[in-house]
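Descriptive analysis of the structure
For reference, the chains in residue letters:
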Amino acid sequence: MSEMCRRDPRREWIARNRLHPEHASALAALGNIGGGGAASEWLGPSGVLRRNPHGVGFIGPNGVKRIDRSGAQQGGSAPGHGRQAVQQDRRRHVEISDPAFLVAVVPDLTGGRLSGHDKDLLGLARRLADDDPERPGAVLAVVFGEHKEERLGEAGIDRVLHLGAETYAGFAPEARLAALTAVERELAPRHWLLPDSPLGGADLGRRLAQRLGERPVTGVWQIEADVEAPLGWRCTARGAAERLDIRRPLPRVALALAECAEPVDETRHAAEPLSLGAAVPIALSRIEDLGQVAVDPAGVALAEAEFILSAGNGVKDWEGFHHAARVLGATEGASRVAVDDGFMARDRQVGASGTWVTARVYLAVGISGAIQHLQGIQGCDRVVAINLDPGCDMIKRADLAVIGDAAEILAALVAKVEQQRGGQRDAA
Amino acid sequence: MLETLLPILIITALALAVIGAWRRIRLWRQGRPSAVPLFKGLAALPRRYLVDLHHVVGRDKVISNTHVATAGGFVAAAVLMILVHGLGLGSSERMGPVLGGLLLLASATMFVGSLFVAKRRRNPPARLSRGPWMRLPKSLMAFSLSVFLITLPTVGVLPQDAGSWVLALILSAVLVWGLGEMVFGMTWGGPMKHAFAGALHLAFHRRAERFSTKHGGGGRSTGLKALDLDDERAPLGVEKPADFTWNQLLGFDACVQCGRCEAVCPAFAAGQPLNPKKLIQDMVVGLAGGSDAKYAGSPHPSQGLGGKPVGEHHGGPHGPIVAREGTALVDAETLWACTTCRACVEECPMMIEHVDAIVDMRRFLTLERGETPNKAPEVLDNLIATDNPGGFAPGSRMNWAADLNLPLIADLQQVDVLLWLGDGAFDMRNQRTLRALVKVLRAAEVDFAVLGNEERDSGDVARRLGDEATFQSLAKRNIATLAKYRFQQIVTCDPHSFHVLGNEYGELGGPGAPARYDVRHHSTYIAELYDAGRLAFSPWKGGRVTYHDPCYLGRYNGEYEAPRRVLEALGIPLNEMERSGFRSRCCGGGGGAPITDIPGERRIPDMRMNDVKETGAELVAVGCPQCTAMLEGVVDKTAEVRDIAELVADAIVMPSARPRRGERCSPGSRTEEVVS
Amino acid sequence: MRPEQQGIEMAVLVSVGRHPITGRARRADQDARGLELALCLEGRLPGSRIGLLHAGPRSEESEAALRGYLGMAADAGTGLNTLTLLEQPEGSDAIPALADHLSAAMPQLVITGTRAELGEGSGLLPYALAERLGWPLVNGLAAVEKVENGVATLLQALPRGQRRRLQVRLPAIICVDAAAPAARQSAFGPARRGELEATPGAAELDHELAGWQVAPARKRPKRLKIIRAASARDRFKAAAAKAEGGSGQVLEGVSSEQGAEAIFTLLHEEGVLRS
């Protein structure tokens, strides 16, 4: 698409004249030039946003024109013109062709995509790379295995070294370490950054540091420039099980916590593919990954569970409840009463006298919310309650409460989830 | 012929009994030593039997009278029989008729008693053991009847040679039966063993303080005995029967299997695997060695399965009581089901100390094996690390009272009343009670202060769970803290703290810090305040009320009156539950039972709430944070649960409405006084 | 090659922990889980032996904490009534001392926690040992399934309670974290009776650590939601938006379908529904 805007004075004239028979179509055409917006707004020739005040609003039920400024109503919402304005990407495009140094980042790519932690880490990498605008460094991402991430550049990556071989799949610390050692030999990055996430960077980063003979810093959550430090940076890291802050010069290998820096969102980077000159030597593996083991979500320890479906005195249809837990993939919990009545096992009891849970979502079905129970779910992020009694304490605690018959609502929820899953499969 | 036969029979029976007694005593002496004053104990025996034991037995008049007739008749008859027939005094001209007449009277009394025993055994309640106990009335009759008949000639009612030798032989045979059961069986292990062991148990009881003396007093000794942790070789609790002290073993042997303990045990009623009577019998099995196959009472219930079959468990004096794997004498769940409510001890006519024994065995499981069940290890770890069972930050103990501006004793150094908050300070429900109590104390213008964050858990739960080490560590630190300040008395709304501070710390105080405190439950203190005219109440307008006696207030500390006095002062008419006062049924919250959480068929608090329901009360007044929590946890309860302090606080007429009694000194002015 | 079912030699590295609230010395949680794992394995592989190893200074406080581990070995007969203490002055580097000891003792399985609760707590120690000894290392361990012919089958903990099966050739170092089974109770009696066998360990002062500034952890600033709104209206809306944590939404008198819809939306937002 051409970036050049050509004026069409006649069309502009028609657009200004509301009484012209071609007014609407001219308006729409003008809007299209501005990146596909609605007719009420378009980008003028000098790059100024132009507005057609008459194109805004809609005709209300009484025939009166109404303008909704809440933003819910897109301007010029004449039926048939339902085109969404695609936000113009205003991010600066940055290309570093001749980097002064490299900052190597090994993102976790959990599930094939950059996690929030990875993006924070890349933000940190950018801070290290862009410190001196005269001599910028480049951020090199070493990516193992197949991935689905298409926005590597937008996350702040200049160079991508993709090692997609089968040997790196699963838990293959030895092969990955061999590859990183090869990167070190060939590219000698100034910094190595890894996320300090269990089972991801935390493991690989420590191995790498040992192999490179570096004493890494772990649990970094803050860095600041310091001319006296060897690499020009100081960092603050957590130590002693989150009880201490250790301030020390930033070493070559750093393992950083989530939210160590703001993710990149104002620039776009090239994410140029890179490859190693020499082949990575094949490491003799003494660890063999036999693959993931099927774990029944119901058997997951309550304290570990992320999503808990918990039953109380109000649950009458136990078959339905267990079925719902299976379909939702939730771990089952219970109130003391449900356990005492023998419907649930003792190790499923949530509360002060049972297990203290820290689930992301706690879905309480028919639990009125005794104090002891509410104490046990203090650590949960979102609490959803289904209950018949709108006055019970659980409703007061819940972020979302639905008053109604537990069995029916659960059944509807199950149907909804199944329908959605079915739909996805069809689409795929 | 009888004249020659009788002395031989009697002397033989006595000789055999002495041998049996010696053997039995040897069995008891397998236990660890325990210093008891032998002669003083024996001297106190009659009084302990006639006064203290009878006080317990006398709660059931029929049985009491039956026992007086049977046992009194037997003792008299036995002594007289030895004199008359054994030593031949019956043939003397002067003594013969008198002694013979007395013997007739005694044996007749005994016979009448045994008729009542027989009547009771015709349709025995479930709590009574059967087996050999079913033949006891017959044996009693055999003895009394035969003694009566052989004595008839002595007094001259019948001629000396009346009847044929056949009759004499039959009579002697019956007498042999009677003697066998009553004299030989007494020491060789028949039902009559209880008389021999029971008498000695009374004499050498481990808690001599339980018994009254001529000067009155006594009657209550409920604190657990401390373990010596400084001696590294001293055993930590009881692993095998021989680890009990010898007088504890003697106590177990004294059991009459009357099953009163079983009838009152809340765990048994809830279908948890505990039957106090069976447990004591299991110890007797362990003492002598063998299996429990001969046990003839109700077994330990087992989680709704109707009972654990008898005969599976076995052991010996030097074998483990609780097996690591498989079965030994008892299962661990049996020990952990106990709520330490002391109902069994209160009911036991033989003065057996069940709770001591259970805690002794728990101590071994916790301190040596580290097998405290369920959530208990977590609670104990919390107590070690944070000084409270919930694992809360010790510095947050006073958070609930942030707005109350409670005076700290550290600022005042000296007050009249030290308010002991207990761990209820961390519990949202109990905080309401504490607030109410503070309101009452302020209304009565009491000079009080709290320890604040210096307070620690009293150690009650740790001790009942058998963790004596943690208990003593907490206790010693609390004692050291208390020693820093001066106060007249400690007031607490937690009967468990009350009991531990008042009855169990005493043993642990050092030379610099004697740990004897004047501790009062808040109900006692409120009653005192009311009687002193320092509180005024508005009349009660609520509905029917009943009162639940907390075990640790009632049975442990004998305080049944003060809470009722307070309720009366509030103008609340009480509808007493059938089981109230010393027979109050436990709420299920004591002894760490909610933590060890042994499954049963029912829940103990549900049963208690049913008791409440039967009175038709809309409100149940309690005086213990544990009871409040347990009873409030009942689903679909019919009555509201309120602490006495809350009821008082609601009814209180604030002092501003009454004439003031002089200026109240503010905490600030108080400090100045102390400083100057 | 060893025949099947023969016991193995294990070394459990234990450290002095610190309670997160009160800071009192205690068994370190992860190390205790490691010992628990070893004890369970010992029960399944008769003839196995467990060695408890700690490097550090000896003080009353640390001794009480270390005895906590001995208290877990209430089942005597495992040879677990002693703990080998490589005594070092305060501030020494534990790695050389442990590496020396392990290379001499040659256990087949070394079990450690993931991170110490005291000091740097970087979690580097097992990696340093693995590098020095040249042994494979597996972290995030949840269970040891079996040990046969010098190969251990392990379960590694993944998020959400998922597990991955691994095989590793012995000798190996394994690190456990909070996903491993919780440690058993520590009993007072065995803890008191157990012995601390102190031998002097290599005393290399950790100079680097001494040069760092160490302070109690500051609270990390909560990340602000940075609004990069295109229009003033959006910015205003974001700034004026009600803070989270107010009372929740209550749906009353709606059909069960509507209720389910609302719940479904929330579950979807939170991303807890696996597709």
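About the cut-offs
Here the residue numbers are simple positions, counted from 1 along each chain's written sequence. All chains are assigned letters beginning with A, and all ligands numbers beginning with 1, in the order in which they are written. The model is predicted, so local features are restricted to residues of pLDDT at least 70 and side-chain atom pairs to those at 80 or more, both for listing and for counting; the totals for chains, interfaces and linings are taken over all residues. Excluded from the side-chain calculation are hydrogens and water; included are all heavy atoms of the structure. Simply put, an axis is a line fit to the C-alpha atoms, just over the touching stretch for a helix, and the angle between two N-to-C directions goes from 0 to 180 degrees. Under the DSSP-based scheme used, a helix requires at least four consecutive residues in state H or I and a strand at least two consecutive residues in state E, with every element numbered from the N terminus. Any angle from 65 to 115 degrees is called roughly perpendicular, while one under 35 is roughly parallel, one over 145 is roughly antiparallel, and all others are oblique. In this scheme the handedness of a crossing depends on how the near helix is turned from the far one: anticlockwise by less than a right angle means left-handed, clockwise means right-handed. Residue contacts are defined here by distance: any two heavy atoms, one from each residue, within 4.5 Å place the two residues in contact. Here the nonpolar group is Ala, Val, Leu, Ile, Met, Phe, Trp, Tyr, Cys and Pro; Asp, Glu, Lys and Arg are the charged ones; every other residue, Gly included, is treated as polar. Three labels apply to residues, based on accessible area from a 1.4 Å probe with only protein chains included: buried if under 20% of the type maximum, exposed if over 50%, partly exposed otherwise in between. Note: two strands are recorded as paired if DSSP finds a minimum of 2 bridges between them. Note on definitions: buried area is the accessible-area loss of two parts on being combined, 1.4 Å probe, summed for both. The working definition used for a salt bridge is a side-chain nitrogen of Lys or Arg within 4 Å of a carboxyl oxygen of Asp or Glu. Polar contact criterion, stated in full: a pair of N or O atoms within 3.5 Å, where within protein one must be able to donate a hydrogen and the other to accept it, and residues adjacent in sequence count only if both atoms are side-chain atoms. Ring pairs shown here join Phe, Tyr and Trp side chains whose ring centres sit within 6.5 Å, with only the six-membered ring taken for Trp; geometry is labelled stacked below 30 degrees between planes, edge-to-face above 60, and tilted in between. Here, a charge over a ring means that NZ of Lys or CZ of Arg falls within 6 Å of the ring centre while also lying within 35 degrees of the ring normal. Every residue carries a pLDDT, the predictor's confidence in it, which falls somewhere between 0 and 100.

The next subject is the packing of helix 3 (residues 61-86) of chain B against helix 5 (residues 136-155) of chain B. Residue and element names in this part refer to chain B. With their axes 11 Å apart at the nearest point, helix 3 and helix 5 run at an angle of 40° to one another. One element, helix 3, and the other, helix 5, form an angle in the oblique class. As for how helix 3 packs across helix 5, the hand of that crossing is left-handed. For the pair formed by helix 3 and helix 5, the contact residues are Thr70, Phe74, Ala77, Met81, Val84 and His85 on the first element and Leu140, Phe143, Val147, Ile150, Thr151 and Thr154 on the second. Looking at the contact of helix 3 with helix 5 residue by residue, the classes come out as 8 nonpolar, 4 polar and no charged.

Omega for the bond connecting Leu170 of chain C with Pro171 of chain C falls within 30 degrees of zero, at 0°, which places this linkage in the cis form. Topologically, Pro171 of chain C is positioned in the loop between strand 9 (163-169) and strand 10 (172-176). At Arg342 of chain B, a residue that is not glycine, the phi angle is positive and equals roughly 70°. Relative to the assigned elements, Arg342 of chain B resides in the loop between helix 12 (332-336) and helix 13 (343-347). By relative accessible area, which is 5% here, Arg342 of chain B ends up buried.

What follows is about the sheet that holds strand 7 (residues 138-144) of chain A. The 10 strands are arranged 15(A)-8(A)-7(A)-6(A)-9(A)-13(A)-10(A)-11(A)-12(A)-12(C) in an open sheet whose pairing can be described as mixed. Where the open sheet ends on each side, the last strands, each with one partner, are strand 15 (272-274) of chain A together with strand 12 (213-216) of chain C. Within the sheet, the average angular offset between the axes of one strand and its neighbour, ignoring direction, is 35°. Pairing of strand 10 (residues 217-225) of chain A with strand 11 (residues 233-239) of chain A involves 5 bridges; the strand directions are antiparallel. Residue pairing in the sheet places Val220 of chain A in a bridge with Ala237 of chain A of strand 11 of chain A. Across the face of the sheet, helix 3 (residues 116-129) of chain A comes into contact with strand 6 (102-105), strand 7, strand 9 (191-195), strand 10, strand 11 and strand 13 (253-256) of chain A while running at roughly 160° to strand 9 of chain A. Contacts from helix 4 (residues 173-187) of chain A reach strand 6, strand 7, strand 8 (159-163), strand 9 and strand 15 of chain A, with the element oriented near 155° to strand 7 of chain A.

Another point: the interface of chain B and chain C. Opposite the 25 residues of chain B that make contact, chain C presents 14 residues. Surface buried jointly by chain B and chain C totals about 1500 Å² across both partners, of which 48% is contributed by carbon and sulfur atoms. Per-residue buried area on chain B facing chain C is highest for Glu232, Glu368 and Ala385 of chain B; these three make up 30% of the total on that side. Linking chain B to chain C there are 3 salt bridges. Close ionic contact of Arg27 of chain C with Asp381 of chain B constitutes a salt bridge, the shortest N to O distance being 3.6 Å. The interface formed by chain B and chain C contains 10 residue pairs in polar contact (both at pLDDT 80 or more). Looking at the side of chain B that touches chain C, the elements with two or more residues in it are helix 14 (354-369), helix 15 (376-386) and helix 19 (468-483) of chain B.

Let us look at the packing of aromatic side chains. Tallying each qualifying case throughout the model produces 13 aromatic pairs over all chains. Ring geometry for Trp318 of chain A and Phe343 of chain A: centres 4.7 Å apart, planes at 15°, overall stacked. Pair noted here: Trp318 of chain A is in helix 6 (residues 318-328) and Phe343 of chain A is in the loop between helix 7 (336-340) and strand 19 (361-365), with a separation of 25 residues, a long-range link. On the accessibility criterion, Trp318 of chain A (11% relative accessible area) is buried. Aromatic side chains Phe471 of chain B and Tyr505 of chain B sit 6.3 Å apart centroid to centroid with 55° between the ring planes, which places their arrangement in the tilted category. Of this pair, Phe471 of chain B sits in helix 19 while Tyr505 of chain B sits in the loop between helix 20 (495-504) and strand 6 (519-521), and the two are 34 residues apart along the sequence. Side by side, Phe471 of chain B and Tyr505 of chain B carry an identical accessibility label, which is buried. Joined through ring pairs, the aromatic side chains of Trp318, Phe321 and Phe343 of chain A make up one cluster. Directly above the ring of Trp246 of chain B sits Arg29 of chain B, whose terminal nitrogen or CZ lies 4.8 Å from the centroid. Here the basic side chain of Arg342 of chain B rests over the ring of Tyr556 of chain B, its NZ or CZ set 5.6 Å away from the ring centre.

All right, on to the side chain of Lys277 of chain B then. All names here are of chain B. As for its placement among the helices and strands, Lys277 is situated in helix 11 (residues 276-288). You can call Lys277 buried: its relative accessible area is 0%. Within the structure, Lys277 has its side chain in polar contact with the backbone oxygen of Arg127 (distance 2.5 Å).

Right, let's get into the confidence of the model for chain A. Low-pLDDT portions of the prediction should not be read for the details of their coordinates. All names here are of chain A. Looking at chain A, pLDDT values average 82 and 86% of them are 70 or higher. Of all the helices and strands in chain A, strand 3 (residues 58-59) carries the lowest mean pLDDT, 67, while strand 9 carries the highest, 95. The low-confidence segment residues 34-38, where pLDDT is below 50, has 11 contacts with residues more than four positions distant or belonging to other chains. Across residues 73-86, where pLDDT falls below 50, the model places 19 contacts with residues more than four positions away in sequence or in other chains.

Attention now moves to the packing of helix 8 (residues 246-253) of chain B against helix 11 of chain B. All names here are of chain B. For the pair helix 8 and helix 11, the least separation of the axes is 8 Å and the interaxial angle reads 115°. Here the hand of the crossing between helix 8 and helix 11 comes out left-handed. Taking contact as the criterion, the partners of Leu249, Phe252 and Asp253 in helix 8 are, on helix 11, Ile280, Met283, Val284 and Leu287. Grouping the amino acids of the contact of helix 8 with helix 11 by side-chain chemistry returns 6 nonpolar, no polar and 1 charged.

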